[in-house]
Amino acid sequence: MRKFCSVLAVLFCLSFILAGCSRPEKSPTGGKSSGVIDPSVMRYSFRADAVESEALTEPYRFQQQFFLQDDAVVKLSFSAQDGRILDVTDAADGSAVAVPDTSLIQEQFESGSILCGAYWRDGQLWLLLQDPVTNEYTLYPTEKDAQTLGKCSFQYALTDKMAVWQNYVLLMGQDEANSLADTLVLYDTQAQTEKKIANVTDFALDSAGNLYYIQRTPAAPLLVKYSLEEKKTHWQRESDSELAPQKVFCSGKDELFVCSSTIGAQGSIYALDPTSGVTLYKLFDWGAESPDDYTQNKMARADFAVGADYTVWFDNLRQAEKTLWRFTPYLPDAAAAVTLTITAPYKEEALDAAARRFSKAHPDVQFSWDTDYKSTDDYLHHSEQYAEKINLRLMTGDIGDLFLLPGKLSGQYLDGKGILNAGSLAPLDDCLSGCPDLDALDTAMLAPLRDETGTLRAIPLGVNPQYLIYNQTLGEQLGLTWNTDSLTWTQIFDLGMRWKDENAPYTLFACMSAYAVNETVGAFLLDSTRDIAAMQPDLEKLNTLLSEKTHLYRIPEDAPYYWSKGFFDNALFCYGQGAFYEDTFERLSTAESENGITLKILPMPTSGEYRQSYADCLGISTASDQKDYAEQFVQYLLGTGAFTQNIYTTESALMNREADFARFSSAEMHTFPLQERHYQQYRAVCTLPADAFLAPFGWDDAMWPAFRAYRSGNLTLEECIAQMQAKFKMVE
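Every value quoted in this text rests on a predicted model; they were computed, and no experiment measured them.

### Digging into the pattern of salt bridges
Applying the stated rule across the entire model yields 20 salt bridges. A salt bridge links aspartate 398 to arginine 393, with the nearest nitrogen and oxygen atoms 3.5 Å apart. The exposure class of aspartate 398 is partly exposed, given its relative accessible area of 45%. On the basis of relative accessible area, arginine 393 is assigned to the buried category, the value being 12%. With a shortest N-O distance of 3.9 Å, lysine 500 and aspartate 501 are connected by a salt bridge. Its relative accessible area of 24% is what places lysine 500 among the partly exposed residues. Judged by its relative accessible area of 61%, aspartate 501 falls in the exposed class. Three or more residues joined by partner-sharing salt bridges are found here, namely Asp442, Arg657, Asp660 and Arg683.

### What to know about the sheet that holds strand 31 (residues 571–577)
Read across the sheet, four strands follow the order 30-31-29-32 without closing on themselves; strand pairing throughout is mixed. With partners counted over all chains shown, the strands left at the sheet margins are strand 30 (507–509) and strand 32 (599–603), one partner each. Strand-to-strand twist across the sheet, computed as the mean angle between neighbouring axes with direction ignored, equals 25°. Where strand 30 lies against strand 31, two bridges are found, and the strand directions are parallel. When the bridges of strand 31 are listed, phenylalanine 509 appears paired with phenylalanine 573.

### A closer look at the pairing of strand 26 (residues 365–370)
Two strands pair when backbone bridges link them, and strand 25 (residues 338–343) and strand 26 are joined in this way by six bridges, in the parallel orientation. Bridging across to strand 26, threonine 341 finds its partner in serine 368. Crossover handedness for the path strand 25 to helix 5 (residues 349–361) to strand 26: right-handed.

### With respect to the nonpolar core
One finds Leu351, Leu402, Phe585 and Leu637 to be the most contacted residues of the largest nonpolar core, which totals 80 residues. Listed in part, the 46 residues of the second largest apolar core include Trp499, Met535, Leu602 and Ala702.

### Some points on helix 7 (residues 383–396)
In a regular helix each residue adds 1.5 Å, so 14 residues correspond to 20 Å; helix 7 covers 20 Å between its end C-alpha atoms and thus fits that length. Burial in helix 7 covers these residues: Ser383, Tyr386, Ala387, Ile390, Arg393 and Leu394. Looking straight down helix 7, one finds that the buried residues subtend no more than 135° of arc, so they occupy a single side. Summarising the geometry of helix 7, the exposed residues directed more than 90 degrees from the buried face are Glu388, Leu392, Met395 and Thr396.

Definitions and cut-offs
- Residues numbered from 1 in each chain as written.
- Predicted model: local features only at pLDDT ≥ 70, side-chain atom pairs only at ≥ 80, totals over all residues.
- Heavy atoms only, no water.
- Salt bridge = Lys/Arg side-chain N within 4 Å of Asp/Glu carboxyl O.
- Buried < 20%, exposed > 50% of the residue type's maximum accessible area, 1.4 Å probe, protein only.
- Pairing = 2+ DSSP bridges.
- Helix = DSSP H or I, 4+ residues; strand = E, 2+ residues; numbered from the N terminus.
- Axes fitted to C-alpha atoms, helices over the stretch in contact; angles between N-to-C directions.
- Right-handed = clockwise from strand over helix to strand, strands pointing away.
- Core = buried A, V, L, I, M, F, W, Y, C linked by side-chain atoms within 4.5 Å.
- Expected span 1.5 Å × (residues − 1).
- Arc of directions from axis to C-beta.

Here it is, written out as structure tokens:
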């Protein structure tokens, strides 16, 4: 498939969330099997035994696509560069399968008239040519007479993919009327008719002429089976928490495989029943064995193929480099000496991928999951029930070998501090001191995960702090002399009130969504739990500023486009959260370049010690009989190779500074280069001394209702503070 390095590709990528290699999982209960494969036999692991990269001087004139010859996977490639015109090679060993005589079409190729190529299982090669005068397509079989299809219907005559079956020619390309959408055109050369299917992102054909295509919809991708021979749709499958189709492939045995991208499981290949679309098993996960990130920028448009022996290939052309990965299956030793059980509300895919990597290096250690829910969303809908259940299990020590605390969510119903102090989790200080990567760890991040005696009970898989983005240029123009590394809410609210009284043309925060406003206000209220009564003046100022808004923040309708030129005009701060190096950090560089300003990342203001915000945290059960193995795994998680392409390196900062900086250094840039000073400022925020595991247990119920009642006029300020103090004391 032709891959274009353009804004369109980036926009296409954003419709997917992209990370995760594993053993195939059993077919879901009730799933109808086609009988082609017995999922119970499929217990492959994969090793990356070939990675090939090649720079391209003219990437827009290069095309490469997987096809089949009998059961073998082959690559069709053509390019005008370096004298290579056209070849078909065996994907397994690179040997030539077909090198056709192209002398008759050499001139058309050099002029760019050849748009696309296709190869069929019987060895027939097809090329698509475009007449530069009439703009008509010509199908050129290398062993038959050429055939005219009709005028080009794609924008810029760009054809991304092609296939031929009997009298049908299938072409996919950018729609002429909508450059953001691809259209699949089905030409019936015998009946001289054509059928168009809009918003198609990929397709595949089996030997019987069954077309499987992925169609983009407003809600989510849709997988459809359509029979060319019968001219009817057999079934369609909507995306769900398990499957979000991205690419599709039919093997030489007509097995149907789909590459899926869902949260926490990007680059997963599933085998589907061709007769019903039901999932049979998961064949492959990118995360466990991959040599590179499966990110939206690098792999969102990569083709894949599955061989008859279940070898997996990925092929990608991005910018001016093409890369081919090959993963060979093998059978691991099923007789593992030790199985470590991870107890968690749901299977965390990033941690699961790290566990599989650990098992590759330690074949005598395997992992199992003890979960109650299938996904984060499922857990969120039942988090109160889960808290009740898991608290009982914590009291009895029935939490397996490793226990996962869902960090960002635990403040709702799980008492993080209570769990640390309950004695259910084993001490980890000796484990930490024996960690081979100890010198690379920022151990200040561990403070909130110590119990009341100072004993370490868990480790963070990542930290995800809130922070402020400060318009340093405006601050200097205004003559502000405050210490930006230790700002207080009083200083900020006093400045906003002064601007209000003077009717100054400034606002504290640039355009903020409702989420950002709530998070910023929430950070202030959380800080006030240290001394609620002392925060009375600031509560009053905050209420005044929220009521008038003008000098607190700009509403979206009144602000320029997010991070565009003018976004920071007369605005001092912007809310930020997370280690989104490819996203937020690039926006920082863009905003500085577009607006001619300097931005700085600051800690969230405080009147006491800093509160850290964690991703998931992991502890070892006191009752575990496998503590030595569990400690080895914990030490592995603190190393440089545990998390390489998933949520803990895209959303959260890693405790291992070397691994985290490597993640930042490898971040993809689109327009302006990332600035290392921004990273160092963010890292400083991540490593500030912290005194709490998220918000105190019960904080939401204690603070927000009283503050909202005060904001709506149903409580006086004094009544609000009294209610906050009383409720917080009850849950403290």
